[in-house]
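Per-entry structural report
If you want the building blocks of each chain, they are given just below.
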Amino acid sequence: MSAKKTENTVVVRKVVRRKMNFAERTYIPEFAKGLAVTMRQFFKNSQPNVEKRDTFTRMYPEEKTVYPDRYRGHHRLMLRDDGQVRCVACMCCSTVCPANCIHITAAEHDDISIEKYPSVFVIDELRCIMCGLCVDACPCDAIRMDSGEHIQPFGERGEAFLNRDLLMSKGSLSMAVQGGENG
Amino acid sequence: MAKAIIDGTEIEVDKGTSILRAAADAGHEIPHFCYHPALSSPANCRMCLVEVEGMPKLMPSCYTQVSDNMVVHTKSERVIKAQKAVLEFILINHPVDCPICDQAGECKLQDYYIDYDTQDSRLRSQKQNKVKAHAIGPEVVYDGERCILCTRCIRFCEEVTETAELTVVERGDRAEIRTFPGKSLDNDYSVCVTDICPVGALTARDFRFKTRVWLLTSTESVCTGCSQGCNIHLDHFRNEAQRYRPRFNAEVNDYWMCDSGRLSYKELHADRLLAPVINGAEANWYEVCRNTANKLTKAVEAEKNIAFVVSPQASCEDLLIAKRFTDEVLKTDSLYLGGKAAGKADGFLRQADNNPNRRGMEAVFQDRAFKPFSDLIEEIKSQKVDVLYMMGSHVPVDADSRAEFLNALSNVELFILQTPTQGDLSEMSNISLPSCTHAEKSGTFVNFDGIAQVFQQAFAPKDGALADGEILTRIAKRMDVDFGYKNLSEIQDTMFNIPEPPPAEVAEETQTEPSAE
Ligand code: SF4
Ligand code: SF4
Ligand code: SF4
Ligand code: SF4
Ligand code: FES
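Definitions and limits used
- Residues numbered from 1 in each chain as written.
- Chains lettered and ligands numbered in written order.
- Predicted model: local features only at pLDDT ≥ 70, side-chain atom pairs only at ≥ 80, totals over all residues.
- Heavy atoms only, no water.
- Helix = DSSP H or I, 4+ residues; strand = E, 2+ residues; numbered from the N terminus.
- Rg over C-alpha atoms; globule rule 2.2 N^0.38 Å.
- Buried < 20%, exposed > 50% of the residue type's maximum accessible area, 1.4 Å probe, protein only.
- Contact = heavy atoms within 4.5 Å.
- Areas by Shrake-Rupley, 256 points an atom, 1.4 Å probe, with all protein chains shown as cover.
- Lys, Arg positive; Asp, Glu negative; His and termini not counted.
- Charge placed at Lys NZ, Arg CZ, Asp CG, Glu CD.
- Pairing = 2+ DSSP bridges.
- Right-handed = clockwise from strand over helix to strand, strands pointing away.
- Near = heavy atom within 4 Å.
- Nonpolar A, V, L, I, M, F, W, Y, C, P; charged D, E, K, R; others polar.
- Axes fitted to C-alpha atoms, helices over the stretch in contact; angles between N-to-C directions.
- Left-handed = near helix turned anticlockwise from the far one by under 90°.
- pLDDT = per-residue confidence, 0-100.

This part takes up the overall build of chain A. What chain A contains, in helices and strands, is five helices and five strands. Mapped in sequence order, the helices and strands of chain A form the string α-α-β-α-β-β-α-β-β-α. A globule of 183 residues ought to have a C-alpha radius of gyration of about 16 Å, yet chain A, at 30 Å, is considerably larger. In terms of overall dimensions, chain A has C-alpha extents of about 90 × 70 × 35 Å along its principal axes. The burial tally for chain A puts 28% of its 183 residues in the buried class. Restricting to contacts in chain A with at least 6 residues of sequence separation, those with at least 24 account for 66%. Here chain A has roughly 13500 Å² of accessible surface; of this, 57% comes from carbon and sulfur atoms. The averaged location of the 24 negative side-chain charges in chain A is 20 Å from the averaged location of its 26 positive side-chain charges.

Below you can see the structure in the form of structure tokens.
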């Protein structure tokens with residue numbers, strides 16, 4: 001503490017309030033006005049036409065959100081023409097993944113022209129940071145995040161491990177030619 | 001001697017040196033596929049073409065010898081054009097299935113494409129289809145489409161193993177590598193062809209699709225399969241060894257290693273003992289050291305017969321501690337020889353002695369006499385051994401004698417076993433102590449030739465395992481003997497301290513990196 005006392009420099013500002021008239025002081029008409037605003041909003045926002053409402057919140061999940069085209073949603077594994085998994089277990093995605101959440105076990109395929117496929121492909125969605133790098137890294141257009149669905153809440157930790165078959169169930173065919181155009 | 005100027009660098013080399021080697025000495029890399037320093041040069045891939053002043057055509061540098069006053073350009077316009085042409089030619093029928101190919105990441109074609117080519121494919125026709133995933137031998141898989149026909153594999157089988165199983169069949173764009181009729185690529189060194197194959201045409205069945213090479217961490221180590229002690233790269237991922245790869249050492253194994261040694265990495269993880277066990281119950285190290293120390297103290301005070309089995313599988317560092325442990329703690333001189341039973345030598349790398357460190361053990365224990373293991377069995381049978389302390393769970397005897405040994409063990413009052421693995425022996429022991437494998441510690445092995453070779457720790461010990469020397473040091477401390485070593489290098493300084501004559505054969509680690517591979 002310094003020996004010298006500093007001067008008190010607090011400035012007190014006076015707020016000049018508007019004088020209320022008699023009607024205002026009884027509160028009754030003002031109260032009715034307020035209720036009117038509330039009721040107007042109530043009826044406006046409960047009308048069947050969603051577009052005409054004033055609300056910013058949505059009745060999720062009955063009412064679906066429209067996501068932008070490039071929204072990175074639930075992962076999916078794309079399929080070959082015959083419905084088998086497109087992925088060749090090159091592990092580019094699991095290598096690039098900054099969250100380290102893709103686990104792949106490669107295996108030898110009976111079909112010699114496929115040669116290698118993932119016998120295990122698990123994404124730990126709770127660890128995933130939705131960066132989309134796995135999609136960029138894939139040389140085979142085998143993994144995508146364009147399902148338009150966001151990840152649903154999980155009740156248990158184990159449910160967040162999305163396995164290959166579940167990811168494939170959201171999959172579809174790809175335009176890319178597997179093995180390259182001259183393959 | 002011949003003097004030449006390569007890319008402006010003046011260099012003097014022995015007569016007969018190829019331009020490629022001379023350029024490597026001068027610090028200029030020349031790309032090459034078919035040339036391998038340990039094999040002959042057929043000059044068939046043409047990747048190594050260089051311009052030599054005064055010569056009308058480009059010369060293959062792997063084959064052309066340096067002559068006096070030669071002026072060589074390795075990066076001239078003509079050379080670059082030729083390199084691009086060669087790569088484009090190779091890639092005509094190459095499938096470029098890198099996502100599937102195990103070689104991706106250590107592939108010469110990938111590397112050279114990035115370094116010397118990087119042009120888009122101009123090919124608009126269908127590629128030749130050839131054999132895929134063909135079992136060319138029990139340990140090796142061949143992919144005809146990826147093969148660039150450099151013939152390194154053929155020359156390896158002709159010149160190194162001299163078994164000559166492989167040849168080229170067909171001509172032109174249908175040419176492929178095959179075994180001669182009735183043969184299969186099943187010599188004892190067959191997996192070496194996967195190391196020298198510059199592309200992913202030959203892959204090891206064991207390593208196939210296991211992981212990707214860019215995920216591996218490589219540690220310089222030594223193979224423990226036999227007393228040759230081949231230098232290896234121990235490639236591991238997430239605390240697990242994935243493969244062994246030979247590491248060049250001209251004095252020991254050159255560029256090679258045998259198949260059984262290569263697959264011996266599996267022993268590192270099989271049936272590991274994970275925690276100390278006292279009479280069937282798991283314990284922690286504090287408890288087990290105190291318990292063992294108490295029992296051993298009583299045994300020493302009562303002047304019981306204590307037998308100690310020394311393992312030539314252990315490193316010199318651990319063996320020095322073991323020597324001091326027997327001298328200063330157990331005060332016993334009944335030392336017996338453990339380790340693995342002898343196998344067969346094959347005249348090339350594989351030695352009959354399956355223990356990596358017998359010479360090291362002899363050097364550390366100097367003039368101490370070891371009794372053979374069979375004597376131990378006899379002595380246990382005639383109840384002459386009260387306490388048995390064993391390093392490692394290998395016994396250098398045949399199956400019958402081993403069974404005899406196991407039966408006789410009930411005669412022993414106290415059996416302490418220090419081992420990395422679980423098994424019948426650890427079940428019969430009163431106390432079993434989990435020890436590290438050589439991948440989990442650093443140390444020194446001395447091979448059959450007397451060359452001391454250092455190996456490095458690759459990953460952390462599995463669960464509760466400790467290095468052999470560390471276990472003995474902890475027990476000794478509980479028995480009031482402090483060996484006084486603070487770190488490994490202090491042990492290394494004293495372990496070969498033999499007064500006279502100096503150990504000429506125990507040379508320092510001798511290694512040179514290959515200048516060109
Ligand atoms: S989106 Fe990103 S974090 Fe999620 S799996 Fe793909 S790479 Fe990993
Ligand atoms: S990058 Fe694509 S092909 Fe490779 S493992 Fe991932 S999903 Fe499969
Ligand atoms: S050999 Fe090399 S270039 Fe060819 S597919 Fe394999 S990694 Fe790719
Ligand atoms: S298999 Fe490999 S080593 Fe043998 S010729 Fe083909 S590319 Fe060369
Ligand atoms: S021609 Fe020289 S390395 Fe192949």
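With that out of the way, let us pick up the pairing of strand E16 (residues 306-310) of chain B. Residues and elements named next belong to chain B. Counting buried residues in E16 gives five out of five residues, a clear majority hidden from the surface. Burial of the side chains of E16 extends over both faces: Ile306, Phe308 and Val310 are buried on one face and Ala307 and Val309 on the other. Across four bridges, the pairing between E16 and strand E19 (residues 387-391) is parallel. Bridging from a neighbouring strand, Val309 pairs with Met390 of E19. As paired strands, E16 and strand E17 (residues 335-337) are joined by three bridges and run parallel to one another. In the strand pairing of E17, Val309 is matched with Tyr336. Crossover handedness for the path E16 to helix H8 (residues 316-330) to E17: right-handed.

Moving on, we get to the site of ligand 4. In the vicinity of ligand 4 there are 13 residues, among which Cys147, Cys150, Thr151, Cys153 and Cys197 of chain B approach most closely. Taken together, the residues that form the shell around ligand 4 break down as eleven nonpolar, one polar and one charged.

Before going further, it helps to examine the packing of helix H10 (residues 373-381) of chain B against helix H11 (residues 399-408) of chain B. All names here are of chain B. Between H10 and H11, the least distance of the axes is 9 Å, while the angle of their chain directions is 35°. As H10 runs across H11, the sense of the crossing is left-handed. Contacts from Phe373, Leu376, Ile377, Glu378, Ile380 and Lys381 in H10 reach Ser401, Glu404, Phe405 and Ala408 in H11. Looking at side-chain class alone, the contact of H10 with H11 contains six nonpolar, one polar and three charged residues.

Residues and elements named next belong to chain B. Taken as a whole, chain B shows an average pLDDT of 92; of its residues, 96% reach a score of 70 or greater. Within the model, the stretch residues 499-503 combines pLDDT values under 50 with three contacts to residues more than four positions away or in other chains. Considering only residues more than four positions removed or in separate chains, one finds that residues 506-517, a stretch of pLDDT under 50, has 32 contacts. Both confidence scores are given for the complex: pTM 0.86, ipTM 0.84.

Bringing the site of ligand 1 into the picture now. As a matter of local geometry, ligand 1 sits amid 13 residues, with Cys97, Cys128, Cys131, Gly132 and Cys134 of chain A nearest to it. Across the shell around ligand 1, the residue classes break down as eleven nonpolar, two polar and no charged.

With that out of the way, let us pick up the sheet that holds strand E6 (residues 134-135) of chain B. Residues and elements named next belong to chain B. Pairing is antiparallel across the open sheet formed by three strands, whose spatial order is E6-E7-E10. The open sheet is flanked by E6 and strand E10 (202-204), the only strands paired with a single partner. Judged from the three bridges that link them, strand E7 (residues 140-142) and E10 form a sheet pairing that is antiparallel. Paired with Tyr142 across the bridge in E10 is Leu202.

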